[in-house]
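What the coordinates show
Each chain, written out:
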Amino acid sequence: MQEQNVVYAESHGVGLVMDIFTPTGPKNGLAIVDVISGAWDSSRGKIRDHQRARFFSTLCDRGYTVFAIRPGSISKFTIPEMIEHLEQGVVWVKQHAEQYGIDMGRIGLTGASAGGHLASLLAVKNLSSDVRRGADVASVKAVGVFFPPTDLLQFGQQDASLGEVTAIARRVAFPHGADELSEEQVREKLIEISPARRVTAEAPPFLLIHGTADEVVPLEQSEKLLRALQEQGVSAELILKEGGGHPWLTIHEEVAMLSDWFDRQLGNMPIDSPADATESEIPKADLGTSSKRYLIIHADDAGMSHSANMGTIEALEKGIVSSASIMIPCPWVNEFAAYCRAHPEGDYGIHLTLNSEWKNYRWGPVMPRDQVPSLVNADGYLWDNVAQVVQHAKLEEAVLELRAQIDRARQLGIPLSHLDTHMGAVVSRPDLLKAYVELGLEYDLPVMFIDTGDSETLREYPALMELGQQLQTRLEDNGLPVLDHLLQFYGGDDEAQRRETYANALRSLKPGVTQLIIHCGVDGEELQAITPSATRRDGDRRYFTDPDIKALVQEQGIEIISWKQFRELKL
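First, a word on scope: everything that follows refers to the structure included in this document.

Conventions adopted
- Residues numbered from 1 in each chain as written.
- Predicted model: local features only at pLDDT ≥ 70, side-chain atom pairs only at ≥ 80, totals over all residues.
- Heavy atoms only, no water.
- Helix = DSSP H or I, 4+ residues; strand = E, 2+ residues; numbered from the N terminus.
- Buried < 20%, exposed > 50% of the residue type's maximum accessible area, 1.4 Å probe, protein only.
- Areas by Shrake-Rupley, 256 points an atom, 1.4 Å probe, with all protein chains shown as cover.
- Salt bridge = Lys/Arg side-chain N within 4 Å of Asp/Glu carboxyl O.
- Expected span 1.5 Å × (residues − 1).
- Phe/Tyr/Trp six-rings, centres within 6.5 Å; stacked < 30°, edge-to-face > 60°.
- Axes fitted to C-alpha atoms, helices over the stretch in contact; angles between N-to-C directions.
- Left-handed = near helix turned anticlockwise from the far one by under 90°.
- Contact = heavy atoms within 4.5 Å.
- Nonpolar A, V, L, I, M, F, W, Y, C, P; charged D, E, K, R; others polar.
- Pairing = 2+ DSSP bridges.
- Right-handed = clockwise from strand over helix to strand, strands pointing away.
- Parallel < 35°, antiparallel > 145°, perpendicular 65-115°, else oblique.
- Polar contact = N/O pair within 3.5 Å; in protein donor to acceptor, adjacent residues only side chain to side chain.
- Core = buried A, V, L, I, M, F, W, Y, C linked by side-chain atoms within 4.5 Å.

With that settled, consider the overall build of the chain. Helix and strand counts for the chain stand at 21 helices and 15 strands. When burial is assessed residue by residue, the chain has 58% of its 571 residues classed as buried. In the form shown here, the chain has an accessible surface area of approximately 23,700 Å², with 48% of it arising from carbon and sulfur atoms.

This is the structure in structure tokens:
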């Protein structure tokens, strides 16, 4: 059971909130505080990330009550302020221990990435806090974290002689700049927020979990904290995920390991397991089989209009949409790009666009029109439909435009996870299809490409039938994943009919990785003036933010993933 937005404190007139997850079955009387933060942003979307990783369900199934604390974001607060907020949150949990039936002396602390950093920093502060409520202090009994930054003085290859400070350190330590600070002052501030440099013998037991292929937070960050803890005689261990990134698709397996560790540290006996059971006698968690069903719920056409942007953002933040694709030539792309920059943890692809299909709402190429004349009509807009693209587009000009769209996205600061195609234009001719795959290889980005074993879908794309096996091999040989199945439904203006179509598709989802393409919007004058599909787009937004659809996905045992996670799954 989930309580949302429980206010535990206030800072600068802003309410600080947590979500509380309580077991539906027997409680074990123990609590876990989960620090919700990614890139030092604690928006609600981060709670959804932890739900996907099964933090809450795994722990609650074992009887734990989980307090998902949001300590504030770097856009508003400094790291020391976030630590103070976290302390206030832990104290609040202890003050309400009786209400939630937990033992205030046996609280575990967890977090991932920036949340792991904040959890680690709190835990190594000698267990003494300036934030007191009666006899309570913000101390915990055990800490288990995933891929935490631990040394902001030396992050990755940065040797902080402090002539230069890493970008990540500048952002979190000096949001207002460090120009007026001396080198020693800069060093002191970085040490202040570096858990690996703050460890004392009073720290609680630690478990660190880190991927060996993490390109965001180097593995050495966990190794530094591990050494510092062990040098102080603190019980600490490090679990390595071979090939794991930031995060990895099967992270729920390591969440289960974390739960096992908390069981030992906090004294929890697994529910329904005999006290004298040996390891071989305790049932193991299902770690996945060939029948596992993964689903990318993919919102197309971001950037097309303001209403499309708002619908897509709502579906990403409040629903179960896991990925979005952006139309770079469209007039509202800057608005969505700003959202991407503010939420770099999201999953964003480029909706490579060679046509402009609406009657009264048109767009041209990113390239100057005189450099790609075969891509535009007499009015200077991209061709109306795919058939005209097939007929008129010269390959070299199409490649210029597609590359320009990718480059423009990068200039806008959009963190890219993949490439796909608007209305299938780039897979409509064999030469365009080959160029599409080569662009993916050139930019090291997965492309939306369907396994040649899915003959039903391939029949709709003759170019794929012709070159599919050859290009699929090329992608896979270069470590880029290929979808097993693709679903999209354009018919059914009646909302009840579309809902049933989606529900039936989920119930009959095939094993493997499927992408379901939807189009989100907010119905209104703008969207109605652009497209006759305004009602359907509004319906997609509402359906994929409906708790009922989330419940159906969980009931079916389907795992929602992003393109970032898909790439890690296949590597």
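Applying the stated criterion to the full structure yields 26 salt bridges. The partner of R541 in a salt bridge is E314, with the nearest N and O atoms 3.2 Å apart. Highlighted residues: R541 in helix α19 (residues 534-543) and E314 in helix α10 (residues 306-318), separated in sequence by 227 residues. Under the relative-accessibility criterion, R541 is labelled buried at 11%.

Right, let's talk about α10 for a bit. End to end, α10 covers 18 Å across 13 residues, agreeing with the expected 18 Å (1.5 Å per residue, within 8%). Every buried residue of α10 is listed here: S307, A308, N309, G311, T312, I313, A315 and L316.

Glancing now at the packing of aromatic side chains. Counted under the stated rule, the structure contains 16 aromatic pairs. For the ring pair F67 and Y100, a centre distance of 5.4 Å and an interplane angle of 85° mean the geometry is edge-to-face. Of the two residues, F67 sits in strand β4 (residues 65-69) while Y100 sits in helix α4 (residues 97-100), which places them 33 residues apart along the sequence. For F67, a relative accessible area of 0% corresponds to the buried category. According to the relative accessible area criterion, Y100 is buried, its value standing at 6%. The interplanar angle of 75° and the centroid separation of 4.9 Å between the aromatic rings of Y502 and F544 together place this pair among those described as edge-to-face. Residue Y502 is located in helix α17 (residues 495-507), and its partner F544 is located in the loop between α19 and α20 (547-555); the two are separated by 42 residues in the primary sequence.

A few words now on the packing of helix α13 (residues 395-411) against helix α14 (residues 430-443). At a minimum axis separation of 10 Å, α13 and α14 run at an interaxial angle of 35°. Relative to α14, α13 is oriented so that their crossing is right-handed. Residues L395, A398, V399, L402, R403, I406, D407 and R410 of α13 touch α14, and the partners they reach there are D431, L432, A435, L439, E442 and Y443. Broken down by class, the residue content of the contact of α13 with α14 amounts to nine nonpolar, no polar and five charged.

Within strand β7 (residues 206-211), six of the six residues are buried, which leaves the element mostly enclosed by the surrounding structure. Burial along β7 is two-sided: F206, L208 and H210 facing one way and L207, I209 and G211 facing the other are all buried. Looking at chain direction, strand β6 (residues 142-146) and β7 are connected through four bridges and run parallel. Across the sheet, the residue bridging to G144 is L207, located in β7. The parallel pair β7 and strand β8 (residues 236-241) is bridged by helix α8 (residues 219-231), and the resulting crossover is right-handed.

One can describe the packing of α17 onto α19 by two numbers: an axis separation of 11 Å at closest approach and a directional angle of 50°. If you check the angle between α17 and α19, you find them oblique. As α17 runs across α19, the sense of the crossing is right-handed. Contacts from E495, R498, R499, Y502 and A503 of α17 reach α19 at R536, D540, R542 and Y543. Here the residues of the contact of α17 with α19 sort into three nonpolar, no polar and six charged.

Looking now at the side chain of K94. One can find K94 in helix α3 (residues 79-95). A distance of 3.0 Å separates polar atoms of two side chains, one belonging to K94 and the other to S139.

With respect to the helices and strands, R537 occurs in helix α19. Classification of R537 as buried rests on a relative accessible area of 6%. At a separation of 2.8 Å, a polar atom in the side chain of R537 contacts the side chain of S533. Once you skip the residues sitting within four places of it in the chain, R537 turns out to touch D301, M304, W358, H519, C520, G521, L527 and T531.

In this section: the environment of A112. Topologically, A112 is positioned in strand β5 (residues 107-112). For the pair A112 and P247, spaced 135 residues apart in the sequence, the C-alpha separation amounts to 8.8 Å. Discounting residues that sit within four places of it in the chain, A112 has contacts with S37, H50, F146 and F147.

Within the element layout of this structure, Q221 appears in helix α8. The class of Q221 is buried, set by a relative accessible area of 0%. For the pair Q221 and D151, spaced 70 residues apart in the sequence, the C-alpha separation amounts to 6.4 Å.

Strand order across the open sheet formed by eight strands is β1-β2-β4-β3-β5-β6-β7-β8, with mixed pairing between neighbours. Whereas interior strands pair on both sides, the edge strands pair on one side only; in this sheet they are β1 (2-11) and β8. Geometrically, the sheet is characterised by an average inter-axis angle of 20° between neighbouring strands, direction not taken into account. Both strand β3 (residues 31-35) and β5 contribute to a ladder of five bridges, which runs parallel. Among the inter-strand pairings, V33 is bridged to a residue of β5, identified as L109. Helix-sheet contacts for helix α5 (residues 114-123) involve β3, β5, β6 and β7, and the interaxial angle to β5 is about 140°.

The next point concerns the nonpolar core. Grouped together as the largest cluster of nonpolar side chains are 96 residues, with contacts concentrated most on M304, F336, I414 and F544. When residues of this core are assigned to their parent elements, the largest contribution, seven residues, is made by α14. Sequence-distant contacts of M304, defined by excluding residues within four places in its chain, comprise N309, M327, C330, P331, W332, W358, Y361, W363, L527, I530 and R537. By size, the runner-up hydrophobic cluster in this structure holds 56 residues, among which are M82, Y100, L121 and A236.

The subject of this paragraph is unusual backbone geometry. Each neighbour pair has its own omega, and for H246 with P247 the value is 0°, a cis peptide bond. Relative to the helices and strands, P247 is located in the loop between β8 and α9 (251-266). One non-glycine residue, H12, adopts positive backbone phi at about 55°. By the element assignment, H12 lies in the loop between β1 and β2 (14-21). Given the relative accessible area of 54%, H12 is considered exposed. Of note in this structure, D444 is not a glycine but carries a positive phi near 55°. Along the chain, D444 falls in the loop between α14 and α15 (455-458). Assessed through its relative accessible area of 43%, D444 is described here as partly exposed.

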